[in-house]
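What follows is each chain in one-letter form.
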Amino acid sequence: MSNYNIETKCVQGGYTPGNGEPRQIPIIQSTTFKYATSEDMGKLFDLEASGYFYTRLQNPTNDSVAAKICEMEGGTAAMLTSSGQAASFYAVFNIASCGDHVVSSSTIYGGTYNLFAVTMKRMGIDFTFVSPDCSDEELEAAFRPNTKAVFGETIANPALTVLDIERFANAAHKHGVPLIIDNTFATPINCRPFEWGADIVTHSTTKYMDGHGAGVGGCIVDSGKFDWTKYPDKFPGLCTPDDSYHDVTYTERFGLEGAYITKATAQLMRDFGSIQSPQNAFLLNLGLESLHLRVRKHCENGLAVANFLKNDDRITWVTYPNLEGDKYYELAQKYLPNGSCGVVSFGIKGGRKAAESFMKNLKLAAIETHVADARTCCLHPASATHRQMNDEELAAAGVPADLVRFSCGIESADDLIADISQALDNI
Ligand SMILES: *Cc1c(COP(=O)(O)O)cnc(C)c1O
């Protein structure tokens, strides 16, 4: 599949049926797999033969869908997880443990920020958060001798900042560590971070990839390009024998292409067990089959709504990376020339009160905490997800009290604009 275009990979990647086999990826709804002898199974446990024995570690349905996302991102190995949160946790914890340090962009998904700043901090991993717009000197100063990775989002949810992936990759590589990119909002349709030097990509497949609000899920993809063996002291988990897994040395046995994902599967999935159910993987694959068509429409609608808002005097400000004049327009032209996403943020004249009234007036757009869905959804963080904060705290968090996050679905752009317009009229 590697020489096909992304549209073809969306539809046919990851699974090629043999003669007389099912055309659609079969749902292997089985926890376990049968073997003729204990020796046969022993080889699987020793990672000497590849095959399935227990769905907590691997399942054929999940593997086919992970292989499709791997092809779409241009990676060498991938795994599905039960959620985007699990993907972010595994991606970092696979190479950083107690006493280590990670540099992260400060504009990341709120759930990821909490995972890093609170929960992983409790596990003994320190994070330094830097603005995606920080100077080279500030970025340089964030690194420590025990830094193990750099993390950021291609397009940040909900801030809609665009990360200069090349600049962050160069800084990470200079310090002998990989760049991990959460590519959820851009999807590989609009940006493939490996082409800009990123080493590992994560996804909340719950968003555009599933796209139909049907299943929570996540994915991790490895580019296979980061050479762990150049820094064996930094990455002992990949470069020295794993005594919890028959003394296998992942880089020796599986090469740079397979070491990182095999370790995450054999250790982290074995111990934490955040698997995606095969049923959900099947639903995710249905979403992937039309991802290239849907993302185009999400972007078309996002730009149309952003342009409408920009020219409407009831609106104080609009953020959308592909909108001319946006702070991230230049970076979007470089990394997202075909479009960014369907999410637009804006402020309404009259602040918090006006935003609350606007939300009540919407007829087509539904009030949800969800984003990146086929159906348009809308959130006023100050009265929902961030309601415990006062106006000053909200402003400091980059989520001002008047901010409305509008996630354009794939309906008619004219209908979305008409809904916004009548909701503004009736404030
Ligand atoms: C939603 C989201 C996550 C978390 O994913 P879940 O599937 O909800 O666990 C991570 N990163 C980004 C950018 C997201 O939008």
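Residues numbered from 1 in each chain as written. Predicted model: local features only at pLDDT ≥ 70, side-chain atom pairs only at ≥ 80, totals over all residues. Heavy atoms only, no water.

**Q** Looking at this model, I keep getting lost on the overall build of the protein chain. Mind explaining?
**A** Helices and strands together make up the secondary structure of the protein chain, namely 16 helices and 12 strands. Nonlocal contacts in the protein chain, meaning residues at least 24 apart in sequence, comprise 72% of its contacts between residues at least 6 apart. Entry remark: accessible area of the protein chain is about 17600 Å², with carbon and sulfur atoms responsible for 51%. Of the side chains in the protein chain, 35 bear a positive and 51 a negative charge, and the two mean positions are spaced by 3 Å. (Helix = DSSP H or I, 4+ residues; strand = E, 2+ residues; numbered from the N terminus. Contact = heavy atoms within 4.5 Å. Areas by Shrake-Rupley, 256 points an atom, 1.4 Å probe, with all protein chains shown as cover. Lys, Arg positive; Asp, Glu negative; His and termini not counted. Charge placed at Lys NZ, Arg CZ, Asp CG, Glu CD.)

**Q** What is the right way to look at the sheet that holds strand β5 (residues 179-182) in this model?
**A** Spatially, seven strands are ordered β1-β7-β6-β5-β4-β2-β3 in an open sheet, and the strand pairing comes out mixed. Looking at which strands have only one partner, the edges of the open sheet turn out to be β1 (77-81) and β3 (126-130). Going from strand to strand, the sheet's axes swing by 20° on average, the running direction of each strand aside. Pairing analysis gives three bridges linking β5 to strand β6 (residues 200-204), with the strands arranged parallel. (Pairing = 2+ DSSP bridges. Axes fitted to C-alpha atoms, helices over the stretch in contact; angles between N-to-C directions.)

**Q** Is there a simple way to explain the sheet that holds strand β9 (residues 343-348) in this structure?
**A** Across a sheet, strands are paired by hydrogen bonds formed along the backbone, either parallel or antiparallel in direction. One open sheet holds the five strands; their spatial order is β8-β9-β12-β11-β10, and the pairing between them is mixed. Bordering the open sheet on either side are β8 (315-319) and β10 (366-367), each of which pairs with just one other strand. Pairing geometry for β9 and strand β12 (residues 403-407), over five bridges, is antiparallel. What sits directly across from F346, in β12, is V404.

**Q** What exactly am I supposed to notice about the state of the cysteines here?
**A** Two cysteines form a disulfide when their sulfur atoms are joined by a covalent bond. Within the structure shown, the criterion is met by zero disulfides. No disulfide involves C10; its sulfur sits 13 Å from that of C219, the nearest cysteine. Taking the relative accessible area as the measure of exposure, C10 reaches 0% and is therefore buried. Note on C341: no disulfide assigned, nearest cysteine sulfur contributed by C299 at a separation of 6.7 Å. (Disulfide = S-S within 2.5 Å. Buried < 20%, exposed > 50% of the residue type's maximum accessible area, 1.4 Å probe, protein only.)

**Q** Sorry, what's going on with the layout of surface pockets here?
**A** Space left empty within the atom packing is revealed by a probe, the size of a water molecule, rolled over the atoms. In this structure, the second largest pocket occupies an estimated 670 Å³ of space. Of all elements in the fold, only α3 (60-73), β1 and α10 (250-272) reach the threshold of two or more residues within the lining of the second largest pocket. For the lining of the second largest pocket, the leading source of residues is α10, giving six residues. Here the residues of the lining of the second largest pocket are counted per class, giving 19 nonpolar, 11 polar and two charged. (1 Å grid on protein atoms, 1.4 Å probe; cavity = no way out; pocket = protein on both sides within 12 Å on 5 of 7 lines; lining within 4 Å. Points joined across faces, edges and corners; volume = space filled by probe spheres on them. Nonpolar A, V, L, I, M, F, W, Y, C, P; charged D, E, K, R; others polar.)

**Q** Which parts of the structure should I look at to understand the side chain of T61?
**A** The topology assignment puts T61 in helix α3. Excluding its chain neighbours within four sequence positions, the residues that come into contact with T61 are I25, P26, I27, I28, P278, A281 and F282.

**Q** Is there a simple way to explain the domain arrangement of the protein chain in this structure?
**A** By convention, interface size is frequently given as the accessible area that disappears when the constituent parts associate. By domain assignment, the protein chain separates into domain 1 (15-286) and domain 2 (292-425). With 29 residues of domain 1 in contact, the opposing surface of domain 2 contributes 29 residues. Of the roughly 2500 Å² buried where domain 1 meets domain 2, counting both sides, 62% is carbon and sulfur surface. Area buried by domain 1 at its contact with domain 2 is led by L160, N190 and Y208, which between them contribute 31% of it. Where domain 1 touches domain 2, the interface holds two salt bridges. A salt bridge links D133 to K327, with the nearest nitrogen and oxygen atoms 3.0 Å apart. At the junction of domain 1 with domain 2, the criterion picks out 16 residue pairs in polar contact (both at pLDDT 80 or more). Counting only elements with at least two residues in the side of domain 1 that touches domain 2, the list comes to α7 (165-174) and α8 (187-190). In terms of residue class, the side of domain 1 that touches domain 2 is made up of 14 nonpolar, nine polar and six charged. (Domains from an automatic or database assignment. Buried area = accessible area lost by both parts, 1.4 Å probe. Salt bridge = Lys/Arg side-chain N within 4 Å of Asp/Glu carboxyl O. Polar contact = N/O pair within 3.5 Å; in protein donor to acceptor, adjacent residues only side chain to side chain.)

**Q** Could you clarify how one ought to interpret unusual backbone geometry in this entry?
**A** Residue N157 is joined to P158 through a cis peptide bond whose omega torsion reads 5°. On the secondary structure map, P158 appears in the loop between β4 (147-153) and α7. Even without a glycine there, the phi angle at L160 is positive, about 60°. With a phi close to 55°, H246 is a non-glycine residue in the positive phi region. Here H246 lies in the loop between α9 (236-239) and α10.

**Q** Would you explain the site of the ligand in this entry?
**A** Surveying the vicinity of the ligand reveals 15 residues, the closest of which are N157, D182, S204, T206 and K207. Within the contact set of the ligand, an oxygen atom lies 2.8 Å away from a side-chain nitrogen or oxygen of S204. Contact with the protein chains removes 92% of the 380 Å² of surface that the ligand exposes when unbound. Of the residues that constitute the shell around the ligand, the class distribution is three nonpolar, nine polar and three charged. (Near = heavy atom within 4 Å.)

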